Amino acid sequence: MKIAVPFWNGRVATVFDAADEIVLIESLPGGDRVQRMEFPKGLSPLHRADHLKDLGIEVLICGALSRSIAHRVEASGIRLVSFVRGPVEEVVNAFREDRLDRECYRLPGCRSATGKRDAPCRSRRVCAEKPDS
C-alpha cells in the first residue's frame, strides 16, 4: 500500500490545498519505504490529485481540503481520509490500526476521519494520555 500525507513541521498539514511537501510511505515486505518530496512548482492544487495518481498513491491522509479537490482525489481512485491532524508517523500508525476515529486525530469541526466525507464525527473516543515520566 502506498500512502501520501501532506505535512508541515512533522505534522499533517492543516490544509491540503496549501501544502508544499508530502511524505510517501510504501509498505514493503522488509518494512516501510519513506520518501519526502515537494509538489512540483506551479502545480495547481486541483492537479495535485493527478500527480498523486501518477505516483501510484492509494491512500491520501490529509487535513482539510476543498470540495473540488476532494472530488478530484476520489475520482482518481485514491482513498481519501480527510480532516485529520497529528504527527505524521503517529497518524499513519493510527490509520493502519484503524484508530483514526479518535478525537485527538480530528481537526476541530471535523466531519470524519474515516474516509467518508460529510459523515458526522460519531465516535468520541479520545487518545490515551501518555504516562508521566
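Note that the coordinates shown come from a computational prediction; the quantities given were computed from them, not determined experimentally.

A. Examining the overall build of the protein more closely. From N to C terminus, the protein includes 3 helices and 6 strands. Sequence-ordered secondary structure for the protein, helices as α and strands as β, is β-β-β-β-α-β-α-β-α. The proportion of buried residues among the 133 residues of the protein is 41%. Considering only residue pairs separated by 6 or more positions, the protein has 46% of its internal contacts joining residues 24 or more positions apart. Put simply, the protein shows about 7600 Å² of open surface, and 50% of that area lies on carbon and sulfur atoms.

B. How the structure looks around the pairing of strand β3 (residues 21–28). By the bridge criterion, 6 bridges tie strand β1 (residues 2–8) to β3 in an arrangement that is antiparallel. Bridging from a neighbouring strand, Lys-2 pairs with Glu-26 of β3. Where β3 lies against strand β4 (residues 31–38), 8 bridges are found, and the strand directions are antiparallel. By the bridge assignment for β4, Glu-26 is matched with Arg-33. Taking the residues that link successive antiparallel strands as the turn, the β3-β4 hairpin has 2 residues.

Criteria and cut-off values
- Residues numbered from 1 in each chain as written.
- Predicted model: local features only at pLDDT ≥ 70, side-chain atom pairs only at ≥ 80, totals over all residues.
- Heavy atoms only, no water.
- Helix = DSSP H or I, 4+ residues; strand = E, 2+ residues; numbered from the N terminus.
- Buried < 20%, exposed > 50% of the residue type's maximum accessible area, 1.4 Å probe, protein only.
- Contact = heavy atoms within 4.5 Å.
- Areas by Shrake-Rupley, 256 points an atom, 1.4 Å probe, with all protein chains shown as cover.
- Pairing = 2+ DSSP bridges.

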